[in-house]
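Read off the chains here:
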Amino acid sequence: MHRVDTIYDVEIPEDAENVKLEGSTVIYRANKIIIKNLRKVDDELALYFYQISKIPEKSYYKALGVVTIMNYEKTSYQI
């Protein structure tokens, strides 16, 4: 959420080349993707993502800063 305010559903076609890069985080890359279902992130959606996330405790300060800047009150109070 600290990078964008819009999300999409992403599908990876069966014939796509996939790469999994592991380091301090895991990153997936593909040479083909299908993007659909554009939607803006609002306070309700941000709260849902926060509730299902497993962010480390050290990331709470960054998350709180972001949702405060975005004016997501319910999510700010939850954090």
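See the structure printed just above.
Quick summary incoming for the structure in this document. All values reported here derive from a predicted model rather than from experimental measurement.

### Quick look at helix α1 (residues 43-52)
Turning to α1, its buried residues number three or more, namely Asp-43, Leu-45, Ala-46, Leu-47 and Tyr-50. Next to the buried residues of α1 lie β1 (6-11), β4 (34-40), α2 (60-69) and α3 (73-78). For α1, the side-chain oxygen to backbone nitrogen distance between the N-cap and Glu-44 is 3.3 Å, and the N-cap itself is Asp-42.

### Notes on the environment of Ile-27
Of note, Ile-27 is situated in strand β3 (residues 26-30). Taking the C-alpha atoms as reference points, Ile-27 and Lys-62, separated by 35 residues in sequence, lie 20 Å from one another.

### Topic: the pattern of salt bridges
A full pass over the atoms with the stated rule returns 5 salt bridges. Between Asp-9 and Arg-39 there is a salt bridge, with its nearest N and O atoms 3.1 Å apart. Remark: Arg-39 occurs in strand β4 and Asp-9 occurs in strand β1; sequence separation between them is 30 residues. For Lys-32, the salt bridge identified is with Asp-15, shortest N-O distance 2.7 Å. Of the two residues, Lys-32 sits in the loop between β3 and β4 while Asp-15 sits in the loop between β1 and β2 (18-22), which places them 17 residues apart along the sequence. Looking at Lys-32, the relative accessible area reads 36%, which means it is partly exposed. Residue classification places Asp-15 among the exposed residues on the basis of a relative accessible area of 52%.

The rules we used
- The residue numbering used here restarts from 1 in each chain and proceeds along that chain's sequence as written.
- In view of the model being predicted, local features appear only for residues whose pLDDT reaches at least 70, and side-chain atom pairs are presented and counted only at 80 or more, with totals across whole chains, interfaces and linings using the full set of residues.
- To get the side-chain values, take all heavy atoms of the structure and skip hydrogens and water.
- Type-normalised accessible area, obtained with a 1.4 Å probe on protein chains alone, sets the label of each residue: buried when under 20%, exposed when over 50%, and partly exposed for intermediate values.
- A run of H or I in DSSP counts as a helix once it spans at least four residues, and a run of E counts as a strand once it spans at least two, with each numbered from the N terminus.
- The contact definition used throughout considers only heavy atoms, calling two residues in contact when any of these lie within 4.5 Å.
- As used in this structure description, the phrase polar contact means that two N or O atoms lie within 3.5 Å; if the pair is within protein, one of them must be able to donate a hydrogen and the other to accept it, and residues adjacent in sequence are counted only when both atoms belong to side chains.
- Salt bridges are defined by distance alone: a side-chain nitrogen of Lys or Arg within 4 Å of a carboxyl oxygen of Asp or Glu.

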